[in-house]
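Chain and residue survey
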Amino acid sequence: MQKARSSVRPLLPGLVTFLAFVVVACAAEFEQAHWIAPPADRATNAAGPLFRKEFVLDRKPRSAVLRIVGLGDYDVRVNGRRLAATGINQPWSQYERTLYYRDFDLAPLLGSGTNCVGVMLFNSFWHNPNPPAGRYNKGGPQRTVAEPYLLCAEITVMQKDDSVSHFGTDASWRTAEGPVTFSHIFAGEDFDARRELPGWDRAGFDDHSWQPAREVVAPSGKLEPQFWPNISEFDHQKPVAVKAPAPDVFLYCFPQNMAAQLRVELEGGKSGDRVRFRCGEHKNDQDRLFGGYIVGCEVVTDGKPLTHQWVSFYLGMQFVEVTGAVPAGHANPQGLPVLRRMELVDVRAGLPEAGAFHCSSELFKGTHRIIDAAMRANMSWVMTDCPHREKLGWLECSYLLAPSFQYRYDCRAWLAKIARDIRDAQEPSGRVLTVAPSYPAGKFPGAFNWTVEWGAAAAMLPWLHYEWYGDPQILRDNFDMMCRFTDYIQTEATNGLAPGGLGDWYDYGHGRPPGPSRYTPTTLSATATWGLCALTVSRAAEALGRPDDAKKYRELHDRIAADFRRHFQDPVTRKLRHSGSPQCANAMALCAELVPPADRGLLVDELIADLEQRGWQQTPGDVGHVYFIRALAQAGRSDILHRVYSREGTGSYGGILKKGLTSMPETWDAMMDGSQSLNHCMLGHVMEWYYGYVAGIRQPPGSIGWQKILIAPNPGSLANAEATLQTPHGRVVSRWRTDGRTFRLEAEIPRGVQALAILPSGAQKPLRSGKQTLKEAVIEPK
C-alpha cells in the first residue's frame, strides 16, 4: 500500500522557540523587508496563496531569526520544516493601530548552500467578507480590506565573525495558489489535495510557473512584538462513537466539546472525490446536527492516501457529520474514500497552569471541569465568549472572569494583551464598545454595540491585573484609558444615571427567553458599574501616586452613589428597586459600595430571603453573577453559596452536569435549541469561589500582588478540599479535611509574604513560610 502523504509536516520537538526580544543584531522591526501581496489579478479571490524565496548562505550561521507578519494568518516553513504547531499564528488585533510580529529561531534549520522559506496565507479578521450562501458567518462582514493577503518577513543571519545578512520580502519572492481553496474565520476551510505542490517549501523546487510577488504599501498599524503565549496544539481526541443516522451519513461523536482542528486520514476512492464534513455541538435525538452555526468544510482527494488537518481554521465542536466517505470497516459499494481515522486536535493559547482545585464533592469537581473546559476553549488571541458562533472578544467576560482565569492559568501577559486591544479600540470620545478588537463597530444593533457593563473592561481589567500580579506598569500603560472611559459615561448620563444597555444579560428564573436583563433595571446595573469604575480609577490613581486624580474619582463615586440611592433605594424600607428578584441589584450595589454601611446587612438578608423562597435558585446572569458570589462570600455567607451550588435541578450547575454537557453552556438551564452556545465561559464565576473561599486561598482587602495571603476555608458539608496556586511570590497550598469532629488544615506559604489562617471557628492564626498544619475541634451548628 502506498505510504500516506501528510499535508502538515510535524514540528521538530524543541526546534522553534518564541523570542519576545531577539538577541541578534536586528533593528526593532524590519531592516530590508517590503510588504508583498499576490498579483493584482488574483489578490482578492485567492485562498491560501503560497509565497516562497530561496537564499544562499556560504556557511552555517551562528544565529538566525525569522521575523514575520502574515495577514490575515499564516503557516510558515523553512527547508520543508513547519515552524509552528498550527497555522494560527497572526494575532487578532486592532489592525489599523497595532500589528504584531513573531520571531522564530532558524539557526538549527539553516545550512550552507541554498535554503528556502515558504509561507501560506489565510483569511482571518483582517479581511472577513461574507462567505458563499449556506456557509456560516457572524453578522459580517466584520472587516474588509483592499488587500486581503499581506506578508512582511525577514530572516536575519549572524555569522561567527559577527557579520549580519538580511533576507526580506520583496518582488523577488514567488507566489502561486495553494491547496487551500477556501479560508474564512467563521465559515471554515476547504482543501484540495490535487493542488498540492510537493517540495514547494524546499530549495530546488521548480517555480518557473509561479508569479512574482507584488510590493504594496505598508498597512498603517504599528509593528509590535508578540509578548504572550502562542496558539498551540494540546490533546488529540478520538471519537467515542460513530453512528449512521441516515444512508451515506456518518456522525462521529467525541468525548469533549472543545476548540479544535479537524484531522483526518483518507485513502481509496478516485481523484476528485469530495468528502464533506459538517461540524457542530448540537445534535438531535436522531443523531443529526442542527442549529444556526454549523460549519461545513470539504476535502477533495486525489485518489491517494492522505492525512490532512485544518491549517488555520478552528472551531468549537463535539460532533462531525461526514458524507462522501465511509468509516474503515463499513460496506463501501460505491468505492468512496475510506476514512481510516478522525481526530479533534485541541488548539488554544498556551497559558501555563497556575492553580488546581479538588474536593470531596463530585458536583463541585464536575462543575470545575466543565467551566475549565470552556475557559480553555475560549483562550484564543482574545478571551472569546464562545469558540464557534462568536470568536469575538466580548468584553464583559474579560474582567468579570479575570480572577477565575487567574486562579487556573498564568494570564499575566495574555490579559495585558487584551488590555492593549481595548486601548487600541477605544474611541476618541473615550467610549469603549462591547467588543475589542472592535471589528464590528457600528454593525451590531443598539446595545449590542455599546453597553456600559461591557465597555467597563477598560477601567476594570488593568486594575484586576495589577491587584493580582502587583506590577504598576499595567496601570501606567492604561490609566488614561481608564479615566477617559469613566469620564465618557458622564456625557451620556441622564439625571445622574448611566445609560441602560444589555444589563444583566441572560438572568434567569423569570420564565421568559434569555436576553437583556428582566429582573434588574438596566440603568441600575449600568450605574452600579459606573460607580465601580470610578472607585477603581481612584484606587489606581492612589497606586500611581496621583492624589488629585484619586480625589477626583472618589468624589465622582460619591456623586454616583448619591444618585443611585436617589433613583433606586426606597427611603423608608432602604430596599432597592427591582422587577421580581433583588439578587443582582443588591449584589452590585454592595460590591460597588453604593449604599451606606448601615444598609449592607439588610440587602444581604433580602438577597438570602429571595434565594430561600426560590429553593436556593440564583437569578443573576452574565453580569450580576460574579457580584452575587462576592457579595455573599464577603459578607461571610459562603454557607448560602454551598446551598446554591449544591443544587442539581434545572437552572443549576448540577442540572447542567445531568444533561451530560462537557463544557459550560451559555444559559443556566442549558438550552439545547441550536442557537444557544454549549461552550461559553460567561457563567463560570464560581471558580473564583472554589479557590478563594472553599479552599480559602485569597488576598485580604487592600493586598496587591499577593503580598498578603489569607487561608480561610469554608467547608460547608464537604469532607475535604485542596487548592494550589502559583502566586508572584511562589506556591500557595491549602489542603483541609474534616471527619465531623476535627478540622485539619495543611498550608504552604512562600517566603516574603504575610499570611494568616482563619479557621472555620473564626480563630485566626499567623502563618509562617513553609509547610504547617493547624487543627481545631469542629463546632456543631446551632
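Residues numbered from 1 in each chain as written. Predicted model: local features only at pLDDT ≥ 70, side-chain atom pairs only at ≥ 80, totals over all residues. Heavy atoms only, no water.

1. A short note on the overall build of the protein chain
If you tally the helices and strands in the protein chain, you get 15 helices and 34 strands. A globule of 782 residues ought to have a C-alpha radius of gyration of about 28 Å, and the protein chain, at 28 Å, matches this closely. For the protein chain, the proportion of its 782 residues judged to be buried stands at 62%. For the protein chain, long-range pairs separated by at least 24 residues make up 74% of all intrachain contacts whose partners lie at least 6 apart in sequence. About 28200 Å² of surface is accessible on the protein chain, with carbon and sulfur atoms providing 49% of the total. (Helix = DSSP H or I, 4+ residues; strand = E, 2+ residues; numbered from the N terminus. Rg over C-alpha atoms; globule rule 2.2 N^0.38 Å. Buried < 20%, exposed > 50% of the residue type's maximum accessible area, 1.4 Å probe, protein only. Contact = heavy atoms within 4.5 Å. Areas by Shrake-Rupley, 256 points an atom, 1.4 Å probe, with all protein chains shown as cover.)

2. Some thoughts on the layout of surface pockets
Computed from the structure, the largest pocket encloses a volume of approximately 1000 Å³. If you go around the largest pocket, you meet 35 residues; those closest to its centre are Glu 467, Arg 630, Gln 634, Gln 699 and Pro 701. The set of elements that each furnish at least two residues to the lining of the largest pocket consists of α2 (395–400), α3 (402–408), α6 (457–469), α8 (522–543), α10 (583–591), α12 (624–634) and α15 (686–694). Its residues placed into classes, the lining of the largest pocket shows 21 nonpolar, seven polar and seven charged. Looking at the second largest pocket, its volume works out to about 880 Å³. Those elements that place two or more of their residues in the lining of the second largest pocket are α12, α13 (638–645) and β34 (770–777). If you tally residues by element for the lining of the second largest pocket, the top one is α13, at five residues. (1 Å grid on protein atoms, 1.4 Å probe; cavity = no way out; pocket = protein on both sides within 12 Å on 5 of 7 lines; lining within 4 Å. Points joined across faces, edges and corners; volume = space filled by probe spheres on them. Nonpolar A, V, L, I, M, F, W, Y, C, P; charged D, E, K, R; others polar.)

3. A look at the packing of α10 against α12
Here α10 crosses α12 at 65°, and the two axes come no closer than 8 Å. Put simply, α10 runs roughly perpendicular to α12. Crossing geometry of α10 relative to α12 is assigned as left-handed. Within the contact between the two elements, α10 uses Gln 583, Cys 584, Ala 587, Met 588, Leu 590 and Cys 591 and α12 uses Gly 624, Tyr 627, Phe 628, Arg 630 and Ala 631. Here the residues of the contact of α10 with α12 sort into eight nonpolar, two polar and one charged. (Axes fitted to C-alpha atoms, helices over the stretch in contact; angles between N-to-C directions. Parallel < 35°, antiparallel > 145°, perpendicular 65-115°, else oblique. Left-handed = near helix turned anticlockwise from the far one by under 90°.)

4. Concerning the sheet that holds strand β8 (residues 113–122)
Taken in spatial order, the six strands make up an open sheet running β6-β5-β8-β3-β11-β14, and their pairing is antiparallel. The open sheet has two edge strands with one neighbour each: β6 (81–82) and β14 (211–212). Note: strand β3 (residues 50–57) against strand β11 (residues 174–176), three bridges, orientation antiparallel. Residue pairing for β11: Phe 51 is matched across the bridge by Thr 175. (Pairing = 2+ DSSP bridges.)

5. Overview of α13
It helps to recall that an α-helix has 3.6 residues per turn; residues three or four apart then point in one direction. The buried fraction of α13 is high, at six of eight residues. Ser 638, Ile 640, Leu 641, His 642, Val 644 and Tyr 645 are the residues of α13 that are buried.

6. Focus on the nonpolar core
Counting residues in hydrophobic clusters, the biggest one holds 220 residues, and the most contacted among them are Phe 277, Val 320 and Trp 689. At 11 residues, the largest contribution of residues to this core is made by α8. Look past the residues within four positions of Val 320 in its chain and what remains in contact with it is Phe 250, Leu 251, Tyr 252, Phe 254, Leu 262, Phe 277, Arg 278, Cys 279, Met 342 and Leu 344. (Core = buried A, V, L, I, M, F, W, Y, C linked by side-chain atoms within 4.5 Å.)

7. A word on the confidence of the model for the protein chain
Across the protein chain, the average pLDDT comes to 94, with 95% of residues at or above 70. Note that residues 1–28 has pLDDT below 50 and, in this model, 69 contacts with residues that lie over four places away or in other chains. (pLDDT = per-residue confidence, 0-100.)

8. Examining unusual backbone geometry
Here Leu 71 and Gly 72 are connected by a cis peptide whose omega angle stands at -5°. The residue Gly 72 is located in the loop between β4 (63–71) and β5 (73–78) in this model. Residue Pro 437 follows Ala 436 across a cis peptide bond; omega there is -5°. Note that Pro 437 resides in the loop between α4 (412–425) and α5 (452–455).

9. Observations concerning the sheet that holds strand β32 (residues 754–758)
Sheet strands pair via backbone hydrogen bonds, and the direction of the pair is either parallel or antiparallel. If you trace the four strands from one edge of the open sheet to the other, you get β27-β28-β32-β33, paired in mixed fashion. Two strands lie at the open edges of the sheet, namely β27 (697–698) and β33 (764–767), each paired on one side alone. Alignment of strand β28 (residues 708–711) against β32, held across four bridges, turns out to be parallel. Each bridged residue has a counterpart across the sheet, and for Leu 710 the counterpart in β32 is Leu 756.

10. So, the packing of aromatic side chains
Taken as a whole and judged by the stated rule, the model has 36 aromatic pairs. Seen from their ring centres, Trp 450 and Phe 485 are 6.2 Å apart, and the 80° between their planes marks the pair as edge-to-face. Separated by 35 residues along the polypeptide, Trp 450 in the loop between α4 and α5 and Phe 485 in helix α7 (residues 473–492) bring together distant segments of the chain. Accessibility assignment for this pair places Trp 450 and Phe 485 in one class, buried. Ring-pair connections join several aromatic residues into one group, and the members of that group are Phe 357, Phe 364, Tyr 407, Trp 468, Tyr 645, Tyr 653, Trp 668, Trp 689, Tyr 690, Tyr 691 and Trp 706. Over the ring of Phe 234 we find Arg 348; its NZ or CZ atom is 3.8 Å from the centre of that ring. Sitting above the plane of the Tyr 314 ring, Lys 391 keeps its charged end 4.3 Å from the centroid. (Phe/Tyr/Trp six-rings, centres within 6.5 Å; stacked < 30°, edge-to-face > 60°. Lys NZ or Arg CZ within 6 Å of the ring centre and 35° of its normal.)

11. Examining the pattern of salt bridges
In this structure the tally under the stated criterion is 55 salt bridges. Notably, a salt bridge pairs Arg 340 with Glu 267, separated by 2.9 Å at the nearest N-O pair. Here the residue Arg 340 occupies a position in strand β25 (residues 338–349), and Glu 267 occupies one in strand β19 (residues 249–267), the gap between them amounting to 73 residues. The class for Glu 267 is buried, based on a relative accessible area of 16%. When the shortest N-O distance is used, the salt bridge between Glu 298 and Arg 274 registers 2.5 Å. One end of the pair, Glu 298, is in strand β21 (residues 295–302); the other, Arg 274, is in strand β20 (residues 271–280), with 24 residues separating them in the sequence. Of the residues examined, Glu 298 reaches a relative accessible area of 14% and is grouped as buried. Classification of Arg 274 by relative accessible area gives partly exposed; the value is 37%. Residues joined in a network through salt bridges with shared partners are Glu 722, Arg 735, Arg 737, Arg 744 and Glu 746. (Salt bridge = Lys/Arg side-chain N within 4 Å of Asp/Glu carboxyl O.)

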